[in-house]
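# Tertiary structure, described
Now for the letters of each chain:
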Amino acid sequence: MLEKEGGKKLFVEKVTGTSTKQRAQLYEAIEFAREGDTLVVTEIDRLALVLLWT
């Protein structure tokens, strides 16, 4: 779906639990993003947990 809408790079992460140390794809996506980019997160609750703990 994202590719159909013009998505250039897809980061996928399947991690369970509350550890922020295993969020390699999230951190890679943040480093990859540039001004003007749009970052789409499909499960915002997971992102919120990571941002609270970093």
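Note that the structure is a prediction, hence the values are computed from the model and not measured.

Attention now goes to the overall build of the protein chain. Helix and strand counts for the protein chain come out as two helices and zero strands. Just so you have it, the protein chain exposes about 5,000 Å², and 54% of that area is on carbon and sulfur atoms.

Let's shift gears to the environment of L10. Within the element layout of this structure, L10 appears in the segment before α1 (24-32). Residue L10 is classed as exposed on the basis of its relative accessible area, which comes to 52%. Measuring from C-alpha to C-alpha, the distance between L10 and A29 comes to 8.5 Å, with 19 residues separating the pair along the chain.

All right, on to the packing of aromatic side chains then. A complete count under the given rule lists one aromatic pair for this structure. Positioned over the ring face of F32 is K9, at 5.8 Å from the centre of the ring.

What follows is about a nonpolar patch on the surface. Taken together, Y27, I30, L39, V41 and I44 make up a surface patch of nonpolar side chains, about 430 Å² in accessible area. Residue classification places V41 among the partly exposed positions, given a relative accessible area of 32%.

Another point: the environment of F11. With respect to the element layout, F11 can be found in the segment before α1. Measuring from C-alpha to C-alpha, the distance between F11 and Q25 comes to 5.9 Å, with 14 residues separating the pair along the chain.

Conventions we followed
Residues numbered from 1 in each chain as written. Predicted model: local features only at pLDDT ≥ 70, side-chain atom pairs only at ≥ 80, totals over all residues. Heavy atoms only, no water. Helix = DSSP H or I, 4+ residues; strand = E, 2+ residues; numbered from the N terminus. Areas by Shrake-Rupley, 256 points an atom, 1.4 Å probe, with all protein chains shown as cover. Buried < 20%, exposed > 50% of the residue type's maximum accessible area, 1.4 Å probe, protein only. Phe/Tyr/Trp six-rings, centres within 6.5 Å; stacked < 30°, edge-to-face > 60°. Lys NZ or Arg CZ within 6 Å of the ring centre and 35° of its normal. Patch = residues over 30% accessible without salt bridge, like charges linked within 9 Å, V, L, I, M, F, W, Y side chains within 5 Å. Salt bridge = Lys/Arg side-chain N within 4 Å of Asp/Glu carboxyl O.

Fair warning: the whole summary comes from geometry, so function is off the table for now.
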